Amino acid sequence: MADSRAAVVVAIDTSSDMLACAVARVDSRAGASGVEILAVRDHACRRRANVELVDTVAAALSDAGCSAVDVDGYLVGRGPGSFTGVRIGISTAKGLARGANAPLYGASTLDAVAWSAWHAGVRGKLGVAADAMRGEVYPALYELDESGAARLFERERVVKAAAAVEEWRALPDVDELQICGDGLVRYGKLFEDTGLMARVLPRELWWPSGEGLLLAWTAAGGVDVDVPCDPALVLPVYTRLSDAEENERRRLGLAESATVETTGVADDLAGRHLQFRPMGAADAEAAAALDAVCFTEEAHEPWTPGMFLSELAADVPAPRSWWVAHDNGELIGMAGGMVVDQDLQVLDVVVSPEHRRRGIARKLLAHVSYDAQILGCTTASLEVETGNDPAERLYAALGFERTGVRRGYYGPGADAVVMTASLPLVLPVDAESPEPTAAVARTWPLPEPVRTAEERAELDRRQLVLAIESSCDETAVAIIDAVGTILANQVSTSIDFHARFGGVVPEIASRKHVEAIVGTVDAALEEAAGALGLSGGAIAPSELAAVGVTQGPGLVGALVVGVAFAKGFAFAARLPLIAVNHLEGHLYANLLANPDLEPPFIFTLVSGGHTMLVHVRAWGDYQVLGETLDDAVGEAFDKVAKALGLGYPGGPIISRLAEDGDSKAIEFPRAMMHSHDYRFSLSGLKTAVVQYIDQETAAGRTIHLPDLAASFEAAVFDVQFKKAWDALRQTGATEYCLGGGVAANPHLRELLVRKLGRRGVHVTLPPQNACTDNAAMIAEVARRKFREGDFAPFSMDADPNMTL
Ligand code: KG4
Ligand code: ZN
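Parameters at a glance
- Residues numbered from 1 in each chain as written.
- Chains lettered and ligands numbered in written order.
- Predicted model: local features only at pLDDT ≥ 70, side-chain atom pairs only at ≥ 80, totals over all residues.
- Heavy atoms only, no water.
- Helix = DSSP H or I, 4+ residues; strand = E, 2+ residues; numbered from the N terminus.
- Rg over C-alpha atoms; globule rule 2.2 N^0.38 Å.
- Contact = heavy atoms within 4.5 Å.
- Areas by Shrake-Rupley, 256 points an atom, 1.4 Å probe, with all protein chains shown as cover.
- Lys, Arg positive; Asp, Glu negative; His and termini not counted.
- Charge placed at Lys NZ, Arg CZ, Asp CG, Glu CD.
- Salt bridge = Lys/Arg side-chain N within 4 Å of Asp/Glu carboxyl O.
- Buried < 20%, exposed > 50% of the residue type's maximum accessible area, 1.4 Å probe, protein only.
- Axes fitted to C-alpha atoms, helices over the stretch in contact; angles between N-to-C directions.
- Left-handed = near helix turned anticlockwise from the far one by under 90°.
- Nonpolar A, V, L, I, M, F, W, Y, C, P; charged D, E, K, R; others polar.
- Parallel < 35°, antiparallel > 145°, perpendicular 65-115°, else oblique.
- Donors = N, O, S within 2.8 Å, 3.2 Å for Na, K, Ca; no water.
- Near = heavy atom within 4 Å.
- Polar contact = N/O pair within 3.5 Å; in protein donor to acceptor, adjacent residues only side chain to side chain.
- pLDDT = per-residue confidence, 0-100.
- Pairing = 2+ DSSP bridges.
- Domains from an automatic or database assignment.
- Phe/Tyr/Trp six-rings, centres within 6.5 Å; stacked < 30°, edge-to-face > 60°.
- Lys NZ or Arg CZ within 6 Å of the ring centre and 35° of its normal.
- Right-handed = clockwise from strand over helix to strand, strands pointing away.
- Core = buried A, V, L, I, M, F, W, Y, C linked by side-chain atoms within 4.5 Å.

**Student:** Can you tell me about the overall build of the protein, naming the residues and giving the values?
**Tutor:** Summing up its helical and strand segments, the protein has 23 helices and 29 strands in all. Here the C-alpha radius of gyration of the protein, 28 Å, is about what a compact globule of 804 residues would show, namely 28 Å. Projected onto the principal axes, the alpha-carbon positions of the protein cover approximately 85 × 65 × 60 Å. For the protein, the share of sequence-separated contacts (at least 6 apart) that also reach a separation of at least 24 residues comes to 71%. In the structure as shown, the protein presents an accessible area of about 31,100 Å², 51% of it carried by carbon and sulfur atoms. Placing the 70 positive and 108 negative side-chain charges of the protein at their respective mean positions leaves the two points 4 Å apart.

What follows is the structure in structure tokens.
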């Protein structure tokens, strides 16, 4: 920013039913009086924030007499509020800031409500009760005087509306309390009926405003405050873990013994893969035993089982997070910490000696620190005994820095080094990337790339299209050039976070997308620069030709992140926006292997959400011959794996098991094989597998997992082949192709190539790495749409139910 005294800032907040948007010239050194509002576009906007936000920003900028290039920074309300609403605001803001290479600031939505009231002249004690749905509110107390709205609380929390009433009723000066907040829409009567002696502010002061957000931010320091303004680091204010995680903790804290139901995995089968999950009561003994083994090298007294149990109790004063790593049914590592103010104090990190150097400590810490962050922490701190260099190196790689020394902490002469890191720790926690990326905070905004005239001409000629995919649990970004060369293909998956639930948890997937999107885009922009041999820096948004994004189908909370980000990014970088159908992406993945593929042909789509047999008569002309009546093929793999306690996703695990199995060992039903149509049914097969397991277990026989897996696969794939061949014969097509996550299955690939090839059909298969969700396939669709000038308006929204 050339002059931080007079920065043009766009403020947005979509955490509630108010779409708050204002443009201001801000001199943050002048406090509240330094905010000069240039335009205001606040308006009620129920559930349509993603449709209206970018156009509203455009309108506000135009009201203010400026355009995207004049913006010095963006400011976003980080909630708390509606989860999807907060995500839309933050994702759009990240896109705007990344696309403009401008700073992104965040402020609390509750503060914005308080400051709006302050601006309207309200003084004295103010209670804000923002709606948190399901009978709950986010309560926040402020003291408003001439100088502004001061917070009387530490961090945002969520409580039952009735509990908020009780808390406020107990205030000594309750008769002077004034209340507002959109929680009053739903719970206003409750606040009245319980005799809370407070004055309710006029309804127009119940919601955040763009101006309130700007005032709150300026009061907190504005542009001059020392907080990161890198869009990668701005995250929603969360007040609790996802429901799935909360319930899991409750179950794990109670369970006497771990079962598939409580842990998501059968521990005796978990040897197939390393498992991470929150510590449960059933782990206490093993945890204490492991601590004792490592005690000789660790400087603290070993923990007893009772100590672990009390850590897990629901009523500990400071929130805790403890994670364990399991391998072969054995507890091999654990880490834990407690939340004190906004700091995660790491209590213990232990990995059994024979399992070191596999990145386990790092992953455990990543999980613990992630929980802490969700619970409001901004930093993590820990102590290392001086001289324990390997440990200090590990922590340094995670971004911890020495911040002090505690003399004699571990006994006379044994000092502790205190190390502190800011959250999030910069590391990927997915299965694909065991190594952390460099944990160095970058300076933001980034330097503009340096290009020669030839390089610029080359970039113009290449017409690079950046594509984003976020429909399920992978955040993926690819960059493609005009002739279809994939120059970057990045995938950041949150699979590790879903595995123990036996399926994707939508709320976790959505949160992970918000965290990963900027980093994944950046990695793609860097990868493409490398692929093009450009040494002057990563591709800048303005060097792209267009932005494509998956519009649907998929999980709505996941899709909106990619869509909102893409729209903000395209608007700020002044690029056309392209909407892509995810299912078309799976089809076009075939073009990455065979660019000459031309309709007509038969296409089988087998993914986690879809099972379809399609007659592709021409590009864009799809005749869906049949679909599944119940579960999708990938879903059947996932459900069987879950029933066996093998974790998620089931496809890769089952196909690995099937390698060594006999596909004829067990006779499973081939549903709808002879139905003389193109419909499929898979739910019965799962039941048959479960019945088989029960029957064998009851008979005292051990189950041969490889045979089971191979027989299950054969039952699924025989039907797929039969119907594909029928469709080929019936339509007269001689070309066939495949797509979707299950297309990665080597047995299905081999079977189709062999059996259809023998019958004279030309078979195309997508590259193995373009079967499960990825952005390369989205980029290929976007590239073709770009060529045709098929662009989407900024009012485009995610469509979870899109079909072919
Ligand atoms: O296409 P995809 O990544 O996501 C959706 O759009 O649904 O497909 C994911 C599905 C999961 O159900 C997963 O178990 C399955 O693809 N899958 C496989 C294999 N790899 C992934 N199924 C069978 N064999 C595999 N090797
Ligand atoms: Zn997919």
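**Student:** Would you mind going over the pattern of salt bridges in detail, with residue names and values included?
**Tutor:** A full pass over the atoms with the stated rule returns 42 salt bridges. The partner of Asp631 in a salt bridge is Lys639, with the nearest N and O atoms 3.1 Å apart. Given the relative accessible area of 9%, Asp631 is considered buried. One continuous salt-bridge network, built from bridges that share partners, spans Glu458, Arg461, Arg462 and Asp481.

**Student:** Tell me about helix 6 (residues 210-219), residues and numbers included.
**Tutor:** Structural remark: α-helix, 3.6 residues per turn; residues separated by three or four positions point the same way. Within helix 6, nine of the 10 residues are buried, leaving the element largely enclosed by the surrounding structure. Taken residue by residue, helix 6 has Gly210, Glu211, Gly212, Leu213, Leu214, Leu215, Ala216, Trp217 and Thr218 as its buried positions. Contact partners of the buried residues in helix 6: strand 1 (7-13), strand 2 (18-26), strand 3 (35-40), strand 5 (73-77), strand 6 (104-107) and helix 3 (109-119). Immediately downstream of helix 6, the backbone of Gly221 shows phi near 125 degrees, a positive value.

**Student:** I'd love a proper account of the packing of helix 21 (residues 705-731) against helix 22 (residues 746-758), names of residues and values included.
**Tutor:** Interaxial distance between helix 21 and helix 22 falls to 10 Å at its minimum, and their mutual angle equals 35 degrees. The crossing of helix 21 and helix 22 is right-handed. Here helix 21 contributes Glu713, Phe717, Asp718, Phe721, Trp725 and Leu728 to the contact with helix 22, which in turn contributes His747, Leu748, Leu751, Leu752, Lys755 and Leu756. Residues belonging to the contact of helix 21 with helix 22 are distributed by class as follows: eight nonpolar, one polar and three charged.

**Student:** I'd like a rundown of the packing of helix 19 (residues 650-658) against helix 21, residues and numbers included.
**Tutor:** At a minimum axis distance of 7 Å, the contact between helix 19 and helix 21 shows a crossing angle of 110 degrees. By the angle between their directions, the pair helix 19 and helix 21 is classed as roughly perpendicular. In this structure, helix 19 meets helix 21 at a crossing whose hand is left-handed. Residues Ile654, Ser655, Leu657 and Ala658 of helix 19 pack against Leu705, Pro706, Ala709, Ala710, Phe712 and Glu713 of helix 21. Of the residues assigned to the contact of helix 19 with helix 21, the class counts are eight nonpolar, one polar and one charged.

**Student:** So what's going on with the coordination of the zinc ion (ligand 2)? Residues and values would help.
**Tutor:** Listed as protein donors to the zinc ion (ligand 2) are His582 (NE2), His586 (NE2) and Asp773 (OD); their distances from the metal cover 2.0 to 2.2 Å. The sequence pattern describing where the donors of the zinc ion (ligand 2) fall on their chain is H-x3-H-x186-D. In this pair, His582 and His586 are both assigned in helix 17 (residues 582-593), four residues apart and thus about one turn of the helix distant. The residues His582 and His586 share a single accessibility class, namely buried.

**Student:** Explain the environment of Glu143 residue by residue, including any values.
**Tutor:** The topology assignment puts Glu143 in strand 8 (residues 136-145). For the pair Glu143 and Gly124, spaced 19 residues apart in sequence, the C-alpha to C-alpha distance is 5.6 Å. In contact with Glu143, other than residues within four places in its own chain, are Gly124, Lys125, Gly148, Ala149, Ala150 and Leu152.

**Student:** How would you summarise the site of ligand 1 if you had to cite specific residues and measurements?
**Tutor:** In the vicinity of ligand 1 lie 22 residues, with Gly608, Asp638, Gly651, Asn745 and Asp773 positioned nearest. At 3.2 Å, a side-chain N or O of His582 approaches an oxygen atom of ligand 1. Alone, ligand 1 offers 550 Å² of accessible surface; in the complex the protein occludes 91% of this. Contributions of two or more residues to the shell around ligand 1 are made by helix 17, helix 18 (633-643) and helix 19. Considered class by class, the residues forming the shell around ligand 1 number six nonpolar, 13 polar and three charged.

**Student:** Which residues make up the confidence of the model for the protein, and what values do they have?
**Tutor:** When pLDDT is low, close inspection of the predicted coordinates is not appropriate. Taken as a whole, the protein shows an average pLDDT of 90; of its residues, 94% reach a score of 70 or greater. Low pLDDT, under 50, characterises residues 429-439; the predicted model gives this stretch 29 contacts beyond four residues in sequence or across chains.

**Student:** Quick rundown of the sheet that holds strand 24 (residues 577-581)? Include the residues and the values.
**Tutor:** The mixed open sheet is built from five strands, whose spatial order is 22-21-20-23-24. In this open sheet, the two edge strands, each paired with only one partner strand, are strand 22 (486-493) and strand 24. Adjacent strand axes in the sheet meet at a mean angle of 20 degrees, parallel and antiparallel pairs treated alike. Where strand 21 (residues 474-480) lies against strand 22, seven bridges are found, and the strand directions are antiparallel. Paired with Ala476 across the bridge in strand 22 is Val491. Sitting on the sheet, helix 16 (residues 556-573) is in contact with strand 20 (465-469), strand 23 (546-552) and strand 24, with an inclination near 155 degrees to strand 23.

**Student:** Kindly report on the domain arrangement of the protein, identifying the contributing residues and their values.
**Tutor:** When its domains are assigned, the protein resolves into domain 1 (4-109 + 210-233), domain 2 (112-205), domain 3 (275-422), domain 4 (453-587) and domain 5 (598-765). With centres defined by C-alpha atoms, the gap from domain 1 to domain 5 works out at 49 Å.

**Student:** How would you summarise the sheet that holds strand 28 (residues 735-739) if you had to cite specific residues and measurements?
**Tutor:** Read from one edge to the other, the open sheet built from five strands follows the order 27-26-25-28-29, with strand pairing classed as mixed. Edge positions in the sheet fall to strand 27 (621-627) and strand 29 (762-764), since each has one partner strand and no second. With strand direction ignored, the average angle separating the axes of adjacent strands in the sheet is 25 degrees. Relative to strand 29, strand 28 is paired through three bridges, and the arrangement is parallel.

**Student:** Pulling in residues and values, what's your account of the environment of Ala636?
**Tutor:** Mapped onto the elements, Ala636 comes out in helix 18. What makes Ala636 buried here is its relative accessible area of 2%. A sequence separation of 548 residues divides Ala636 from Ile88, and the C-alpha atoms of the two residues are 32 Å apart. If we skip the residues at most four places from it in the chain, Ala636 touches Leu682 and Phe712.

**Student:** Just give me the short version of the packing of aromatic side chains, but keep the residues and values in it.
**Tutor:** Throughout the structure, instances matching the rule amount to 19 aromatic pairs. For the ring pair Phe601 and Trp619, a centre distance of 5.7 Å and an interplane angle of 65 degrees mean the geometry is edge-to-face. One end of the pair, Phe601, is in strand 25 (residues 601-606); the other, Trp619, is in the loop between strand 26 (611-618) and strand 27, and 18 residues separate them in sequence. A residue is classified by how much of its surface remains accessible, and Phe601, at 0% relative accessible area, is buried. Taken together, Trp303, Phe308 and Trp322 form an aromatic cluster joined through their ring pairs. Directly above the aromatic system of Tyr238 lies the positively charged group of Arg511, at a separation of 3.9 Å from the ring centroid.

**Student:** Tell me about the pairing of strand 5, residues and numbers included.
**Tutor:** Counted residue by residue, strand 5 has five buried out of five residues, so it is predominantly covered. The sheet contact formed by strand 1 and strand 5 spans four bridges and is parallel. Within strand 5, the position partnered with Val9 by the bridge is Gly73. Of the pairings in the sheet, the one linking strand 5 to strand 6 comprises four bridges and is parallel in character. Within the sheet, the bridge partner assigned to Gly77 lies in strand 6 and is Ala107. A crossover links strand 5 with its parallel partner strand 6, the connecting element being helix 2 (residues 83-100), and its sense is right-handed.

**Student:** Now, about the pairing of strand 2: what can you tell me, with residues and values included?
**Tutor:** Most of strand 2 sits inside the fold, with eight of its nine residues counted as buried. Direction of pairing for strand 2 relative to strand 3: antiparallel, over a ladder of five bridges. Opposite Val26, over in strand 3, you have Val35 as the bridge partner.

**Student:** Hey, could you go over the nonpolar core for me, with residue numbers and the actual values?
**Tutor:** Core analysis: the biggest nonpolar cluster contains 69 residues, and Ile12, Leu466, Ile468, Val521 and Ile539 have the highest contact counts within it. The residue makeup of this core includes at least three contributed by each of domain 1 (4-109 + 210-233) and domain 4 (453-587). Ignoring any residue separated from it by four or fewer positions in sequence, one finds Ile468 in contact with Ala476, Val477, Ile517, Val521, Val547, Gly548, Val549, Thr550, Gly562, Phe565, Ala566 and Ile778. Counting residues in each nonpolar core, the second largest holds 60 residues, with Ala112, Phe153, Cys180 and Trp207 among its members.

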